[in-house]
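# Close look at the chain arrangement
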Amino acid sequence: MSSPSKRREMDLMKLMMSDYKVEMVNDGMQEFFVEFRGPTESIYQGGVWRVRVELPDAYPYKSPSIGFINKIYHPNVDEMSGSVCLDVINQTWSPMFDLVNVFEVFLPQLLLYPNPSDPLNGEAAALMMRDRSAYEQKVKEYCEKYAKPEDAGVTPEDKSSDEEPSEDEDDSGDEAILGNPDP
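Residues numbered from 1 in each chain as written. Predicted model: local features only at pLDDT ≥ 70, side-chain atom pairs only at ≥ 80, totals over all residues. Heavy atoms only, no water.

## A look at the sheet that holds strand β4 (residues 65-68)
On the basis of which strands lie adjacent, the open sheet formed by four strands has the order β1-β2-β3-β4 and antiparallel pairing. Where the open sheet ends on each side, the last strands, each with one partner, are β1 (22-24) and β4. Strand-to-strand twist of the sheet, defined as the mean angle between neighbouring strand axes without regard to direction, takes the value 25°. Here seven bridges tie strand β2 (residues 31-37) to strand β3 (residues 48-54), and the two strands are oriented antiparallel to one another. Bridge pairing links Phe36 to Trp49 in β3. (Pairing = 2+ DSSP bridges. Helix = DSSP H or I, 4+ residues; strand = E, 2+ residues; numbered from the N terminus. Axes fitted to C-alpha atoms, helices over the stretch in contact; angles between N-to-C directions.)

See the structure below:
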């Protein structure tokens, strides 16, 4: 690669050519949203999340910032901000990784193998360690309540169409998704 901006462009194009719906913010390639689906045969299966990605100027030498927009119940995801605690993104990032790795490997692995000993959501971590079945039930409740396709900004046409979304599908209603914390 001759420059970080060419690499950013190439990685973003590779992500767009994969099975992920990518929605750009503004005209730059530094900030965008990706539709992410829970791994099959997991307690997150059927969930659809809108994930915010911000690429730093030094990408790929510096890791992207990743955050869930709609709520997810997980020990390593902050419930309020959606920030992700994942070593491979936060500490051990390498320029050998790309955006497709984030969505095809790192985030699915995070959902499949939570680490309750290094939590961002202490309640989820404690429940997971204390009562695994209650934790799994709460994950499923969150998926049903906050991770339906419409919660991630997916319109019915998006689900049934193989064509690219039009540019005017921009009102995803992020304000309504944030909501208030559960008691």
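## Notes on helix α3 (residues 99-112)
Given a rise of 1.5 Å per residue, 14 residues ought to cover 20 Å, and the 19 Å separating the end C-alpha atoms of α3 matches this to within 8%. Approximately 30° is the largest bend angle found in α3, and it occurs at Phe106, with the proline Pro108 only one to four residues beyond. Burial in α3 covers these residues: Leu99, Val100, Val102, Phe103, Phe106, Leu107, Pro108, Leu110 and Leu111. At its buried positions, α3 is contacted by α1 (4-17), β2, β3, β4 and α2 (87-90). N-capping of α3 is provided by Asp98, with a side-chain oxygen placed 3.1 Å from the backbone N of Val100. (Expected span 1.5 Å × (residues − 1). Bend = angle between axes of the 7 residues up to and from the residue. Buried < 20%, exposed > 50% of the residue type's maximum accessible area, 1.4 Å probe, protein only. Contact = heavy atoms within 4.5 Å. Polar contact = N/O pair within 3.5 Å; in protein donor to acceptor, adjacent residues only side chain to side chain.)

## Thoughts on the packing of α1 against α3
Contact geometry of α1 with α3 gives a least axis separation of 7 Å together with a crossing angle of 40°. Comparing their axes, α3 and α1 come out oblique. Residues Asp11, Leu12, Lys14 and Leu15 of α1 pack against Leu99, Val100 and Phe103 of α3. Among the residues forming the contact of α1 with α3, the class breakdown is five nonpolar, no polar and two charged. (Parallel < 35°, antiparallel > 145°, perpendicular 65-115°, else oblique. Nonpolar A, V, L, I, M, F, W, Y, C, P; charged D, E, K, R; others polar.)

## Quick notes on the packing of helix α4 (residues 122-130) against helix α5 (residues 132-146)
The N-to-C vectors of α4 and α5 enclose an angle of 135°; their axes lie 5 Å apart at closest approach. The orientation of α4 relative to α5 falls into the category oblique. Along its contact with α4, which presents Glu123, Ala124, Leu127, Met128 and Arg130, the element α5 presents Arg132, Ala134, Tyr135 and Lys138. Grouping the constituent residues of the contact of α4 with α5 by class yields five nonpolar, no polar and four charged.

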